[in-house]
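# A closer look at the structure
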Amino acid sequence: MDDMEKKESVESEAEVKAAEEVAANEAAEETVDASTEAPKEGHLDEEGILEYDDSNASKIDKFFGVTRFGSSIRTEIMAGLVTFLAMCYILVVNPSNILDAFGLGLGVATSVSWGSVFIATALGAVVGTLLMAFVAKMPLAQAPGMGLNFTVGTILLGAVGGIAFSFGQAMLLVLISGIIFLIVSIVPIGKDKETGKYVTLREKIFDGMPVCIRKAIPVGIGLFIAFIGLKNAQVITANVGTFVQFVTLNTAEAWALGGPACSAMVCLFGFFVIIVLDHFKIKGSVIIGILAATILAIPLQVADLNTLAGNGAVSWKFWENFASFFTVGQNSAFLSVFESGFTGWTGSMIPTAIVLIITFCMIDMFDTMGTVVGCATNAGLIDKNGKPHNYNKIMLSDSIATATGALFGTSTVTTFVESGSGIAAGGKTGMVALVTACLFFLAIFIAPVFAFIPSAACAPALLYVGVLMMKNVVNIDFKDIKFAVPAFLTILMMPLTYSITNGIGVGVISYVVINFIIWLVNIIRFKAGKLQEKPRMEISIVLAVIFVLFLVYFFVPQAF
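The structure displayed is predicted, hence computed values, not measured ones.

## Quick word on the layout of surface pockets
The volume enclosed by the largest pocket comes to roughly 1500 Å³. If you go around the largest pocket, you meet 47 residues; those closest to its centre are D192, D207, D383, N385 and K387. Where the lining of the largest pocket is concerned, the elements lending two or more residues are α7 (167–186), β5 (198–200), α8 (201–208), α9 (211–232), α16 (391–408) and α23 (541–555). When residues in the lining of the largest pocket are grouped by element, the largest group, five residues, is from α8.

Next up, the structure:
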């Protein structure tokens, strides 16, 4: 018996040693792969973020923490370029959405020139993204947000309650929402129990969000950003019966040069280029995929050479745009808040204005929070509690950018979900934002070059980001239905409603309703003696306030 036990013990030790050798070999392989991207040795800082030794790094490297976060100057520059290419469409789309929201050629705010709003868009993006670079030091880019610019366009049209706001009045509403953001981002309302540091209302709102929703946000954003890419490239198109459908490939019309099938092929070609290059660990796979797709887009006429020549809406005559922008007055968006924002108000406009300000606040607050959480999670820039690195500084940058953008004459400046494309390309620090900001400034002078790159060629980067962000789904607890349902609805509603805020809002409302009913039933059971322990309420005061705000957001009419 002793011999048998010794034999089993020896065999057991041999198995353990063999398992350890296999694990060691796998770890060695991972180290070899990682060595091409980052230093071999790192440590977790006090916030739980992996850091590396940067004692031999340059001053600019140390300022942004490039080596410290396991990146390189080259990678950061490439990531900044990828981020810009993924979001530079806003330079052309934003002025069009604000001045003619429905594309009907109605000449909304005809006194304000397209070129003036174009400059305002670019400068808003430059200021907001520079704040991300030097204040927050995060690989995030800002620009006037989609959806919010459309909302401004509709109130200029008079589509909200039949009340047409002037351009200056609309900018005043944006400015007020930015000031509110600034206040809630800098005024402390309490202390963190663990660190003893003062926290602001925006931090409290983040901390009050249920963990299941926080973990669902990156997944929902991954699907949302992929949906944006598919839509922009016409891989999916509108359908009266089913709302969306796959692009038609079996008709001659679809394959006409510049048609939807050609656009879809440009996107899918670029996407497969990125995937294959990424598989073989080739650096710059995302930017190579975008450039390859752009080259294919030329013969398929998805990319318009007339745009490159400056014959379209975007002209090489940048000095004309500057002239219309800096001529403060009736034709300029610049400082229109002070030019016409405080005049022409009537009593009937005030209630609608208040609801619109709340709408702007809600969309920007939760869109930004969702985007930041999703992108920071994908970049590994979150602490042990899932809070993004420099979270309050990110929110401070966002609020200042919104207020500044309103002064320039553009809609709410917010953190762009396309920032995830630069992170997917390896971006880790504020240097990504610095590069992106510089490119936005450069675009003012050579706008046709960037306008030439079609959205179908940038869409592959968004699809790639969607793939990477889906990995976060494994962190969600789907075993407990009271957490699974809010997480599921958060993920589902982001792409289906085309809104990060709607996704978070539906998730929050479902979480509160479900958990309150469960708590109420358990209280009754406890009183009846069927439960030994008194059930704990899993809805904080902060979450209850957020719940009420979302009820206002969803149910209160925008006009009275």
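## Some remarks on the pairing of strand β7 (residues 243–246)
Sheet topology note: the strand β6 (residues 236–239)/β7 ladder contains four bridges and is antiparallel. Counted as the bridge partner of I236 is F246 from β7. With antiparallel pairing between neighbouring strands as the criterion, β6 and β7 make up a hairpin whose turn holds three residues.

## Quick look at the confidence of the model for the chain
Averaged over all residues, the pLDDT of the chain is 85; the fraction at 70 or higher stands at 88%. Ignoring residues within four places in sequence, the model shows residues 4–12, a span with pLDDT below 50, making zero contacts including any to other chains. For the stretch residues 22–39, pLDDT sits under 50, and the model shows eleven contacts to residues farther than four places along the chain or on other chains.

## Brief notes about a nonpolar patch on the surface
A cluster of nonpolar side chains, I179, I183, I186, V187, I189 and L201, forms an exposed patch at the surface whose accessible area comes to about 500 Å². Per element, the largest residue contribution to the nonpolar patch is three residues, and it comes from α7. Within the element layout of this structure, I186 appears in helix α7. Accessibility expressed as a relative area gives 47% for I186, which makes it partly exposed.

## Some words on the pattern of salt bridges
Taken as a whole, this structure holds four salt bridges when the rule is applied. Between K387 and D207 there is a salt bridge, and its shortest N-O distance comes to 3.3 Å. Taken as a pair, K387 in the loop between α15 (349–379) and α16 and D207 in helix α8 lie far apart in primary sequence, 180 residues in all. Here K482 makes a salt bridge to E538, at a shortest N to O gap of 2.8 Å. Remark: E538 occurs in the loop between α22 (500–527) and α23 and K482 occurs in helix α21 (residues 481–496); sequence separation between them is 56 residues. Overall, the relative accessible area of 15% leaves K482 in the buried class. Note on E538: relative accessible area 27%, which makes it partly exposed.

## Let's talk about the packing of aromatic side chains
Here the structure, examined in full by the defined rule, presents 30 aromatic pairs. Look at Y89 and F416: their rings are 6.5 Å apart centre to centre, the planes differ by 50°, and that puts the pair in the tilted class. Taken together, the residues span a long stretch of sequence, with Y89 in the loop between α3 (73–87) and α4 (90–99) and F416 in the loop between β8 (413–415) and α17 (419–424) at a distance of 327 residues. Overall, the relative accessible area of 23% leaves Y89 in the partly exposed class.

## A word on the packing of helix α10 (residues 260–279) against helix α20 (residues 455–469)
Between α10 and α20, whose axes approach to 8 Å, the crossing angle comes to 50°. Classed by the angle they form, the pair α10 and α20 counts as oblique. Crossing geometry of α10 relative to α20 is assigned as right-handed. Here S263, V266, C267, G270, F271, I274, I275 and D278 of α10 lie close against α20, whose contacting residues are A456, A457, A459, P460, A461, L463, Y464 and V467. Per-class residue counts for the contact of α10 with α20 are 13 nonpolar, two polar and one charged.

## Here's the deal with the nonpolar core
As a rule of thumb, soluble globular proteins bury nonpolar side chains together. Within the largest apolar cluster, 144 residues are counted, with the highest numbers of intra-cluster contacts made by F167, F366, M369, I504, V508 and F550. Counting residues per element, this core draws most heavily on α15, which supplies 16 residues. Those residues in contact with I504 that lie beyond four places of it in its chain are M209, I217, F366, M369, G370, T490, M494 and F550.

## Notes on helix α11 (residues 285–297)
For an α-helix, the turn length of 3.6 residues means that residues three or four places apart are oriented alike. Between the first and last C-alpha of α11 there are 18 Å, a value that for 13 residues agrees with the 18 Å anticipated at 1.5 Å per step. Of all the positions in α11, only S285, V286, I287, G289, I290, A292, A293, T294 and A297 are classed as buried. Next to the buried residues of α11 lie α3, α10, α19 (447–452) and α20.

## Section: the side chain of T490
With respect to the helices and strands, T490 occurs in helix α21. You can call T490 buried: its relative accessible area is 0%. Residues in contact with T490, not counting those within four places in the same chain, are I213, A216, I217, G503, I504 and G507.

## With respect to the packing of helix α6 (residues 148–157) against α7
Orientation of α6 relative to α7, taken along the N-to-C sense of each, is 140°, at an axis distance of 10 Å. It follows that α6 is oblique to α7 by the angle criterion. Taken as a pair, α6 and α7 cross one another with a handedness that is right-handed. Across from V152, I155 and L156 in α6, the residues of α7 making contact are F167, A170, M171, L173 and V174. Broken down by class, the residue content of the contact of α6 with α7 amounts to eight nonpolar, no polar and no charged.

The rules behind these values
- Residues numbered from 1 in each chain as written.
- Predicted model: local features only at pLDDT ≥ 70, side-chain atom pairs only at ≥ 80, totals over all residues.
- Heavy atoms only, no water.
- 1 Å grid on protein atoms, 1.4 Å probe; cavity = no way out; pocket = protein on both sides within 12 Å on 5 of 7 lines; lining within 4 Å.
- Points joined across faces, edges and corners; volume = space filled by probe spheres on them.
- Helix = DSSP H or I, 4+ residues; strand = E, 2+ residues; numbered from the N terminus.
- Pairing = 2+ DSSP bridges.
- pLDDT = per-residue confidence, 0-100.
- Contact = heavy atoms within 4.5 Å.
- Patch = residues over 30% accessible without salt bridge, like charges linked within 9 Å, V, L, I, M, F, W, Y side chains within 5 Å.
- Areas by Shrake-Rupley, 256 points an atom, 1.4 Å probe, with all protein chains shown as cover.
- Salt bridge = Lys/Arg side-chain N within 4 Å of Asp/Glu carboxyl O.
- Buried < 20%, exposed > 50% of the residue type's maximum accessible area, 1.4 Å probe, protein only.
- Phe/Tyr/Trp six-rings, centres within 6.5 Å; stacked < 30°, edge-to-face > 60°.
- Axes fitted to C-alpha atoms, helices over the stretch in contact; angles between N-to-C directions.
- Parallel < 35°, antiparallel > 145°, perpendicular 65-115°, else oblique.
- Left-handed = near helix turned anticlockwise from the far one by under 90°.
- Nonpolar A, V, L, I, M, F, W, Y, C, P; charged D, E, K, R; others polar.
- Core = buried A, V, L, I, M, F, W, Y, C linked by side-chain atoms within 4.5 Å.
- Expected span 1.5 Å × (residues − 1).

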